[in-house]
Amino acid sequence: MKESRLEVINLKKYYGKNENIVKAVDGVSLKIENGKFTAIIGTSGSGKSTLLHCMAGLDKPTDGTVILDGKNIYDYNDEELSKIRRKKFGFIFQSFNLIPVINVYDNIILPILLDGSKPDEEYINSIIKAVGLEEQIKKFPNELSGGQQQRVAIARALSNKPAIIFADEPTGNLDSKTTQDVMRLLKNTVKEFNRTLLMITHDQSIAESADKIITISDGKII
Ligand code: ADP
Ligand code: MG
């Protein structure tokens, strides 16, 4: 099992300068527990997405460190960092970000292909089964419902066996029934495959089902 320890120390991300400065993330320190589901909550504009993006190696912070397995990820060059993202991280966003011109199966294995590796077919099939997409793998994204598309995105996020899954309001575009289905699925798969899940949500009941809740306000943990 690939484990990865993620820690943030005094992280800051500022936009603009002088009187126009926006302190999107303003001195956040935290440790993410392996194999657990951590929820990030907070009002709109509080800095949740910025924090998640900085932690996931997608957005360079103004100051502070993001430590993965003992090393600051922003000490790596761009190429090394994108390799870490491809190998260790999975991503799920509110807009499912599927590729419309390739079928469901190819969307799911895309991170593996981009990494130049060979898909572990047995594992991929177990994920497809876990997310209930066996009947849909030959279809194209626009032939699926929103809930099914988010299932594809979840399967894709798991396909490269990431240690950590970053999710930014993955149920934000789904109705409440589909939200429940997707959350049950996400939590089960994270548990079954022993992954770490870090998820931003607006939904109080989802947050309450997490192992840990982090509340962000004005770029700070409260
Ligand atoms: P949340 O995800 O909690 O809604 P964000 O992290 O998206 O909040 O944004 C936090 C603050 O940073 C907001 O005031 C937002 O307007 C600002 N912000 C986010 N991204 C940028 C950017 N690229 N340029 C300037 N300001 C930004
Ligand atoms: Mg956001």
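What counts as what
- Residues numbered from 1 in each chain as written.
- Chains lettered and ligands numbered in written order.
- Predicted model: local features only at pLDDT ≥ 70, side-chain atom pairs only at ≥ 80, totals over all residues.
- Heavy atoms only, no water.
- Salt bridge = Lys/Arg side-chain N within 4 Å of Asp/Glu carboxyl O.
- Helix = DSSP H or I, 4+ residues; strand = E, 2+ residues; numbered from the N terminus.
- Buried < 20%, exposed > 50% of the residue type's maximum accessible area, 1.4 Å probe, protein only.
- Pairing = 2+ DSSP bridges.
- Right-handed = clockwise from strand over helix to strand, strands pointing away.
- Contact = heavy atoms within 4.5 Å.
- Axes fitted to C-alpha atoms, helices over the stretch in contact; angles between N-to-C directions.
- Arc of directions from axis to C-beta.
- Parallel < 35°, antiparallel > 145°, perpendicular 65-115°, else oblique.
- Left-handed = near helix turned anticlockwise from the far one by under 90°.
- Nonpolar A, V, L, I, M, F, W, Y, C, P; charged D, E, K, R; others polar.

Looking at this model, I keep getting lost on the pattern of salt bridges. Mind explaining?
All chains considered together, the criterion is met by nine salt bridges. Notably, a salt bridge pairs aspartate 115 with arginine 86, separated by 3.1 Å at the nearest N-O pair. Here aspartate 115, found in the loop between helix 3 (104-114) and helix 4 (121-130), pairs with arginine 86, found in helix 2 (residues 78-88); they are 29 residues apart in sequence, far enough to count as distant. With relative accessibility at 19%, the residue aspartate 115 sits in the buried group. In this structure, lysine 177 engages aspartate 181 in a salt bridge whose closest nitrogen and oxygen atoms are separated by 2.8 Å. Of this pair, lysine 177 and aspartate 181 both sit in helix 6 (residues 176-192), separated by four residues, roughly a single helical turn.

Where do I start with the pairing of strand 8 (residues 196-200) in this structure?
Looking along a regular strand, one sees the side chains alternate between the two faces of the sheet. Burial of strand 8 is extensive: five of the five residues sit out of reach of the surface. Side chains Thr196, Leu198 and Ile200 project from strand 8 onto one buried face, and the interleaved Leu197 and Met199 project onto a second face that is buried too. Relative to strand 8, strand 3 (residues 37-41) runs parallel, the two sharing four bridges. Bridge assignment links threonine 38 to a residue of strand 8, and that residue is leucine 198. Taken together, strand 7 (residues 164-168), helix 6 and strand 8 constitute a β-α-β crossover, and its handedness is right-handed.

Explain the sheet that holds strand 7 to me, please; I cannot follow it from the model alone.
Backbone hydrogen bonds hold the strands of a sheet together, and the pairing may be parallel or antiparallel. Here six strands make up an open sheet; going across it, the order is 6-7-8-3-9-10 and the pairing mixed. Every interior strand has two partners, whereas the edge strands, strand 6 (89-93) and strand 10 (220-221), have only one. Sitting on the sheet, helix 2 touches strand 6 and strand 7, and the angle it makes with strand 6 is about 80 degrees.

Before we go on, may I ask you to explain helix 4 in this structure?
Along an α-helix, residues three or four positions apart point the same way, because every turn accommodates 3.6 residues. Buried within helix 4 we find Tyr123, Ile124, Ile127 and Ile128. Down the axis of helix 4, the buried set is contained in an arc of 140 degrees. They therefore lie on one face. Relative to its buried face, helix 4 has exposed residues pointing more than 90 degrees away, namely Glu121, Glu122 and Lys129. In the core, the buried residues of helix 4 are packed alongside helix 3 and helix 5 (146-159). Within two residues after helix 4, glycine 132 carries a phi angle of roughly 70 degrees, on the positive side.

What is the right way to look at the packing of helix 3 against helix 5 in this model?
Any two packed helices are characterised by how steeply their axes cross, that is the angle between the axes, and by the distance between the axes. It is the contact of helix 3 with helix 5, at a shortest axis distance of 7 Å, that shows an interaxial angle of 30 degrees. Between helix 3 and helix 5, the interaxial angle falls into the category roughly parallel. In terms of crossing hand, the pair formed by helix 3 and helix 5 is right-handed. The residues of helix 5 that touch helix 3, namely those facing Val104, Asn107, Ile108, Ile109, Pro111 and Ile112, are Val152, Ala155, Arg156 and Ser159. Of the residues in the contact of helix 3 with helix 5, the class split is seven nonpolar, two polar and one charged.

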